[in-house]
Amino acid sequence: MAGGNERSMKALKEVWKRAENSLCADCGKPDPDWASSTLGVFICLSCSGIHRNIPSISKVKSLKMDYWDDAQVQFLAKHGNAVTKAIYEAHIPIYYYQPTYNDCQVLREQWIRAKYERKEFTEPGKLLPYSDGVKEGILWKRGRDNGQFLPRKFLLSEREGCLKYFTKQDAKEPKINVKIDVINATFQPEKTGNPNGLQITYLKDNKTRNIFVYHESGKEVVDWFNAIRSVQFHYLKVAFPIASDNEIKNRLTRKFLKEGYMEKTGPKQREAFKKRWFTLDHRRLMYFKDPLDAFAKGEVFVGSGENGYSVQKGLPSGTQGNFSWHYGITIVTPDREYLFTCETETDQLEWITAFTSVINQPMTPQEYAIEAYFKFKS
């Protein structure tokens, strides 16, 4: 018996060492140490918890702590991540968001359920709930003034190229009608206090507006997210006919580069520093009094280094404004300097890294137009 177990463990380690099994099959996290004995995939601890919630599909075991018999090891050897992915990920739409280990729970769970439980990607041309260019339904939307979440009807239309929402079920005119090419959507469970919380951001008159929504069903809110990406993808395919699918995919919904509190002072640099919530959305640095505000109190354009933008650690000597946080950052633009302070050195370094990543990128023609708008506005 001992010899058989030793033989099985040796064979298991050989399969485990294969290059294809060095990353979690579901989120890409390095060095997975769990596996599904029924699907034949190697997964991380976090994804194993999601698999455990679908026991009719997947039975998971630790590669280090649990016993694997010969038949189970042979099954893993015959399958593994590459073979299983070829089956369950054979026909993923180009616009479908495939989460990583850095993404929130609802995205990762619905990705795993979509693959193995619903088998959404095993057949070509399968009609999916986010693929037909129209989605209509109820989402719970946070009120702009009272902060209360109320049910609202939303309509997404590829034909009209827009997202609408209505304050009443039978309303004929929408409260908002937003063109699909100015929309971003990103999951915000911590900010909204809801595991299925989604932030929809859009531009109106070149100013940023936020809507916060959720749905009780994780599947439904992720379907909305991928429906927005689907409509955006097909819209951009028409708008940019010579662009490759991957180029268009990279222009779909995006995460914010960095969010968090900093203190800021005014243009004269003598005013007291005020605590604000900041969001860096590529070249737009927006600040809000509260993280869930619908409107930004102000925005700063962050251009490229070759156009005179830079970020510096610390504040200019002789800065007069009163501030309670002492880890300073200075953003230098062609027109003025913007001064911020962070609560910790870690925050300071993370913000500097985020700003540097933006400043090091050359500007696109569209970004030159945005820069011109910011200069005109100021």
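Note that the structure is predicted; figures quoted are calculated from it, not measured.

## Some details on the sheet that holds strand S8 (residues 183-187)
Spatially, the 7 strands line up as an open sheet ordered S7-S6-S5-S4-S10-S9-S8, and their pairing is antiparallel. The open sheet terminates on both sides in strands that have one partner only, identified here as strand S7 (176-179) and S8. Across the sheet, the mean angle separating the axes of adjacent strands is 35° when strand polarity is ignored. Here 2 bridges tie strand S4 (residues 134-142) to strand S10 (residues 207-214), and the two strands are oriented antiparallel to one another.

## Comments concerning the confidence of the model for the chain
This prediction gives the chain a mean pLDDT of 92; 98% of its residues lie at or above 70. Within the chain, helix H1 (residues 2-16) has the poorest average pLDDT of any element, 75, and helix H5 (residues 105-117) the best, 98.

## A closer look at the environment of phenylalanine 75
By the secondary structure assignment, phenylalanine 75 is in helix H3 (residues 70-78). Classification of phenylalanine 75 as partly exposed rests on a relative accessible area of 26%. For the pair formed by phenylalanine 75 and asparagine 194, sequence separation is 119 residues and the distance between their alpha carbons is 39 Å. The residues touching phenylalanine 75, leaving out its near neighbours within four places in the chain, are Ser37, Thr38, Leu39 and Gly40.

## Some details on H5
Here H5 contains 13 residues, and its C-alpha end-to-end distance of 17 Å stays within 8% of the 18 Å for a straight helix at 1.5 Å per residue. For H5, a buried count of 10 out of 13 residues is recorded, marking the element as mostly surrounded by other parts of the structure. Three or more residues of H5 are buried, namely Val106, Leu107, Arg108, Gln110, Trp111, Ile112, Arg113, Ala114, Lys115 and Tyr116. For H5, the elements touching its buried residues are helix H2 (45-52), helix H4 (80-88), S8 and helix H7 (218-239).

## Notes on the state of the cysteines
Applying the stated criterion to the full structure yields 0 disulfides. Not part of a disulfide, cysteine 47 finds its nearest cysteine sulfur in cysteine 44, a span of 3.8 Å. In this structure cysteine 47 comes out as buried when scored by relative accessible area, which is 1%.

## Points about the nonpolar core
Ile43, Leu156, Ile183, Phe187 and Leu198 are the most contacted members of the largest nonpolar core, which totals 54 residues. Considering every element that reaches this core, the biggest residue donor is H7, with 9 residues. Looking at which domains feed residues into this core, each of domain 1 (1-117) and domain 2 (134-250) supplies at least three. If sequence neighbours within four positions are ignored, isoleucine 43 has contacts with Cys24, Ala25, Asp26, Pro32, Asp33, Trp34, Ala35, Ser48, His51 and Val60.

## Some words on the sheet that holds strand S2 (residues 42-43)
Read from one edge of the open sheet, 3 strands run S2-S1-S3, paired in antiparallel fashion. With one partner strand each, in any of the chains shown, S2 and strand S3 (60-62) form the two edges of the open sheet.

## Considerations on the packing of aromatic side chains
Under the defined criterion, the tally for this structure stands at 19 aromatic pairs. A centroid spacing of 5.1 Å and a plane angle of 70° characterise the contact between tyrosine 88 and tyrosine 116, whose relative ring orientation is edge-to-face. Within this pair, whereas tyrosine 88 is found in helix H4, its partner tyrosine 116 is found in helix H5, the two being separated by 28 residues in sequence. Here tyrosine 88 matches tyrosine 116 in class, with each residue buried. Plain terms: the ring middles of tryptophan 111 and phenylalanine 121 are 5.9 Å apart, the flat faces sit at 40° to each other, and that makes the pair tilted. Within this pair, whereas tryptophan 111 is found in helix H5, its partner phenylalanine 121 is found in the loop between H5 and S4, the two being separated by 10 residues in sequence. There is no split in this pair, since tryptophan 111 and phenylalanine 121 are both buried. Aromatic ring contacts, followed pair by pair, group Tyr95, Tyr96, Trp111, Phe121, Tyr130 and Phe233 into a single cluster. In this arrangement the basic side chain of lysine 153 is found over the ring face of phenylalanine 166, its NZ or CZ atom lying 4.6 Å from the centre. The aromatic ring of tyrosine 338 is capped on one face by arginine 336, whose charged end is 3.8 Å from the ring centroid.

What counts and what doesn't
Residues numbered from 1 in each chain as written. Predicted model: local features only at pLDDT ≥ 70, side-chain atom pairs only at ≥ 80, totals over all residues. Heavy atoms only, no water. Pairing = 2+ DSSP bridges. Helix = DSSP H or I, 4+ residues; strand = E, 2+ residues; numbered from the N terminus. Axes fitted to C-alpha atoms, helices over the stretch in contact; angles between N-to-C directions. pLDDT = per-residue confidence, 0-100. Buried < 20%, exposed > 50% of the residue type's maximum accessible area, 1.4 Å probe, protein only. Contact = heavy atoms within 4.5 Å. Expected span 1.5 Å × (residues − 1). Disulfide = S-S within 2.5 Å. Core = buried A, V, L, I, M, F, W, Y, C linked by side-chain atoms within 4.5 Å. Domains from an automatic or database assignment. Phe/Tyr/Trp six-rings, centres within 6.5 Å; stacked < 30°, edge-to-face > 60°. Lys NZ or Arg CZ within 6 Å of the ring centre and 35° of its normal.

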